[in-house]
Structure formats: C-alpha cells, structure tokens
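Remarks on the overall topology
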Amino acid sequence: ALASYLDRMLVMAKGKPVVLGEVGEDSLRGGEEHQAALLDWTLPLALDKGVAGTCVFAWTDEWVVDRKSIDDWRFGLVDRERR
C-alpha cells in the first residue's frame, strides 16, 4: 500500500520533490521491535521510489501540552529516560 501511495504522490507532484514526513509508529501499543521493523522497510522503500527525503520521529517521548504530561503514547526514538 505504501509503494502505491508513493507512486501516486510522485505522479501528482509532477517532477517536484516529495518528502515523506512523520515516519514512525506508536511504540507504546506496537512495541519498540515493531517500530524498528517498520523503519527497516519504510525508509529503503521510500528512497528506492525516489522521494527527496524522509522525516523520522526522533525526539524524546517526553511531551507536554498545556502544561500536562502526555503519557499515553511513545513515538520518539529516544524514551523518557533518554535511552
């Protein structure tokens, strides 16, 4: 499905660069191994298709909105303990 989506986006871009943004998945629900496996195939696929680049969730999981800690997700490649 991602390969077809990227093909379509590249056609629609009419020769302009396409950047795949926000690659990653919630590791709280899927697990760190699943998140790593997802990156193992999505990044090479995107580059093989010819995208200009990708953006991977790489920040820490420490996240605050309106001074409230958000604890029900984990997207970062660095956890709250900075590992």
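Above this text you will find the structure in question.
Let's talk about the overall build of the chain
Scanning the chain for helices and strands turns up three helices and four strands. Overall, the chain shows an N-to-C arrangement of helices and strands of α-β-α-α-β-β-β. Scaling as 2.2 N^0.38, a compact globule of 83 residues should have a C-alpha radius of gyration of about 12 Å, whereas the chain reaches 15 Å, well beyond that. Projected onto the principal axes, the alpha-carbon positions of the chain cover approximately 45 × 30 × 20 Å. Split into buried and exposed, the 83 residues of the chain put 28% on the buried side. Counting only carbon and sulfur atoms, one obtains 55% of the accessible surface of the chain, whose full area is about 6,000 Å². Computed over 11 positive and 15 negative side-chain charges, the inter-centroid distance for the chain is 8 Å.

A word on the side chain of Thr42
For Thr42, the position within the fold is in helix H3 (residues 32-49). Since its relative accessible area comes to 5%, Thr42 is described here as buried. If sequence neighbours within four positions are ignored, Thr42 has contacts with Leu2 and Val23.

What counts and what doesn't
Residues numbered from 1 in each chain as written. Predicted model: local features only at pLDDT ≥ 70, side-chain atom pairs only at ≥ 80, totals over all residues. Heavy atoms only, no water. Helix = DSSP H or I, 4+ residues; strand = E, 2+ residues; numbered from the N terminus. Rg over C-alpha atoms; globule rule 2.2 N^0.38 Å. Buried < 20%, exposed > 50% of the residue type's maximum accessible area, 1.4 Å probe, protein only. Areas by Shrake-Rupley, 256 points an atom, 1.4 Å probe, with all protein chains shown as cover. Lys, Arg positive; Asp, Glu negative; His and termini not counted. Charge placed at Lys NZ, Arg CZ, Asp CG, Glu CD. Contact = heavy atoms within 4.5 Å.

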